Amino acid sequence: MIILGIESSCDDTSAAIIKDCILMSNVIASQRVHEAYGGVVPELASRAHQQNIVPVVSEAIRQAGISKSDIDAIAFTRGPGLPGSLHVGTSFSKGLALALGIPLVDVNHLHGHVLAHFIKEDESTPVPEFPFLCLLISGGNSQIIRVDSPCEMEILGQTIDDAAGEAFDKCAKVMGLPYPGGPIIDRLAQEGDPTRFKFAKPHIEGYNYSFSGLKTSFLYTLRDELKNNPNFIEENKAHLAASLQKTIIDILMDKFGKAIKDTGIKTVAIGGGVSANSGVRAAVQQYCDRRGIKAFIPKRSFTTDNAAMIAVAGYFKFSNGETCDITAPPFARVVI
Ligand code: KG4
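First things first, this report covers the structure right here in the doc. (Residues numbered from 1 in each chain as written. Predicted model: local features only at pLDDT ≥ 70, side-chain atom pairs only at ≥ 80, totals over all residues. Heavy atoms only, no water.)

Some thoughts on the overall build of the chain
Move 1: Helices and strands together make up the secondary structure of the chain, namely nine helices and 10 strands.
Move 2: Overall, the chain is about 65 × 45 × 30 Å in size when its C-alpha atoms are taken along their principal axes.
Move 3: By residue count, 54% of the 336 residues in the chain fall in the buried class.
Move 4: If you take every contact in the chain between residues at least 6 apart in sequence, the share linking residues at least 24 apart comes to 72%.
Move 5: If you sum the accessible surface of the chain, you get close to 14600 Å²; carbon and sulfur atoms cover 51% of it.
Move 6: Charge separation in the chain, taken as the distance between the mean sites of 32 positive and 36 negative side-chain charges, equals 4 Å. (Helix = DSSP H or I, 4+ residues; strand = E, 2+ residues; numbered from the N terminus. Buried < 20%, exposed > 50% of the residue type's maximum accessible area, 1.4 Å probe, protein only. Contact = heavy atoms within 4.5 Å. Areas by Shrake-Rupley, 256 points an atom, 1.4 Å probe, with all protein chains shown as cover. Lys, Arg positive; Asp, Glu negative; His and termini not counted. Charge placed at Lys NZ, Arg CZ, Asp CG, Glu CD.)

Structure (structure tokens):
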């Protein structure tokens, strides 16, 4: 079965072809236009998707070495995401499905991140066994998800305010670093002392996360220190990055570890843009190695938004007999 996946939920336009979960192509056009604004500008994102979508889909089909008539179904990201961005991928997918006379499958972007672990480079790629627990950490979400099958997932906990990626990006912005700050903090942290500064950690019940207190505590530390030393940030960049990253990892692992212990599940995975963070990857691997738990850490190219994961999630839904109607609108927030 050959599936074309289309992703346009935020600022990456992507198209991918898979054949029974085996990756044939995965083309991503990232939008540099937002760098000048310190964050994604929704109107500019949807315009860039309009410009990119036709060449990106054509290139994915060309790289896969197939023709349009070989495609069995189109899987597209229906939400959550930016409405203007989602509209471009949704409308394009509908038009192409109508023209080719093939079914459409709507995919929840977050399910895509979880199921990225089923993208196979070849038949020997290992995949997680069910049930597994997934720590989904991105610019817009921080969730602990119990995955019982490709189409059965339960959110055990999630952020009650900011996402982990926002904590990285907003603290980086306060330090005067460009957007997105997460990868820059990761790089700077390699050179710094993670114990140099202490920032606030939340005390909330259950498996939920909160990152807004950390953000405020980071901001206040900088404000107070800058009063005494105007060069404080420049002189302590690496230590600030390392201490911030350590605090975020401690917060993430505290709840993820609790969920692993309480459920007794022996397979875990991580996903989403923040799962590219070298400290997060090492912490999860180390936690699991010490307890005989199998950890699935995605390739960095599958951590950020990509259509391969949408195609795989669509493959599972389509195999389960689930398709969607041509009138299906995109959803900015509602989870499908
Ligand atoms: O999943 P994703 O590509 O999309 C959205 O949720 O929009 O995640 C983007 C987030 C950004 O906040 C970015 O700073 C963060 O992932 N990120 C990282 C790293 N690479 C990307 N955060 C920390 N360390 C990284 N290496």
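Regarding the nonpolar core
Move 1: Core analysis: the largest hydrophobic core is formed by 47 residues, its most contacted members being F211, I248, L252, F256 and V268.
Move 2: Taken together, the elements giving at least two residues each to this core come down to β6 (132–137), α4 (164–174), α5 (182–189), α6 (212–228), α7 (232–263), β9 (267–271) and α8 (278–291).
Move 3: A per-element tally of this core places α7 first, with 14 residues.
Move 4: Leaving out residues up to four positions away in the same chain, V268 has contacts with L133, F256, I260, V284, C288, I293, K294, A295 and F296.
Move 5: In terms of nonpolar packing, the next biggest core, distinct from the first, is built from 31 residues, V105, I145, I310 and A311 among them. (Core = buried A, V, L, I, M, F, W, Y, C linked by side-chain atoms within 4.5 Å.)

Let's talk about the sheet that holds β6
Move 1: Pairing within the open sheet is mixed, and its five strands lie in the order β8-β7-β6-β9-β10. On the outer flanks of this sheet lie β8 (152–158) and β10 (294–296), each paired with one strand and no other. Going from strand to strand, the sheet's axes swing by 25 degrees on average, the running direction of each strand aside.
Move 2: Sheet topology note: the β6/β9 ladder contains four bridges and is parallel. Directly across from L133, in β9, lies its bridge partner V268.
Move 3: Lying on the sheet, α7 is in contact with β6, β7 (142–149), β8 and β9; it crosses β6 at an angle near 165 degrees.
Move 4: Packed onto the sheet, α8 meets β6, β9 and β10 and runs at close to 180 degrees relative to β9. (Pairing = 2+ DSSP bridges. Axes fitted to C-alpha atoms, helices over the stretch in contact; angles between N-to-C directions.)

Points about the packing of aromatic side chains
Move 1: Counted by the stated rule, this structure contains nine aromatic pairs.
Move 2: Both rings, one in F118 and one in F132, keep their centres 6.2 Å apart while their planes meet at 40 degrees; by these two values the pair is tilted. Of this pair, F118 sits in the loop between α3 (109–115) and β6 while F132 sits in strand β6, placing them 14 residues apart in sequence.
Move 3: A network of ring pairs unites the aromatic residues F118, F130, F132, Y315 and F316 as a single cluster. (Phe/Tyr/Trp six-rings, centres within 6.5 Å; stacked < 30°, edge-to-face > 60°.)

What about the packing of α5 against α7?
Move 1: Viewed as axis vectors pointing N to C, α5 and α7 meet at an angle of 110 degrees, and their least axial separation amounts to 8 Å. The angle between the axes of α5 and α7 places the two elements in the roughly perpendicular class. Between α5 and α7 lies a crossing whose hand is left-handed. The residues of α7 that touch α5, namely those facing I185, D186, L188 and A189, are K237, A238, A241, A242, L244 and Q245. (Parallel < 35°, antiparallel > 145°, perpendicular 65-115°, else oblique. Left-handed = near helix turned anticlockwise from the far one by under 90°.)

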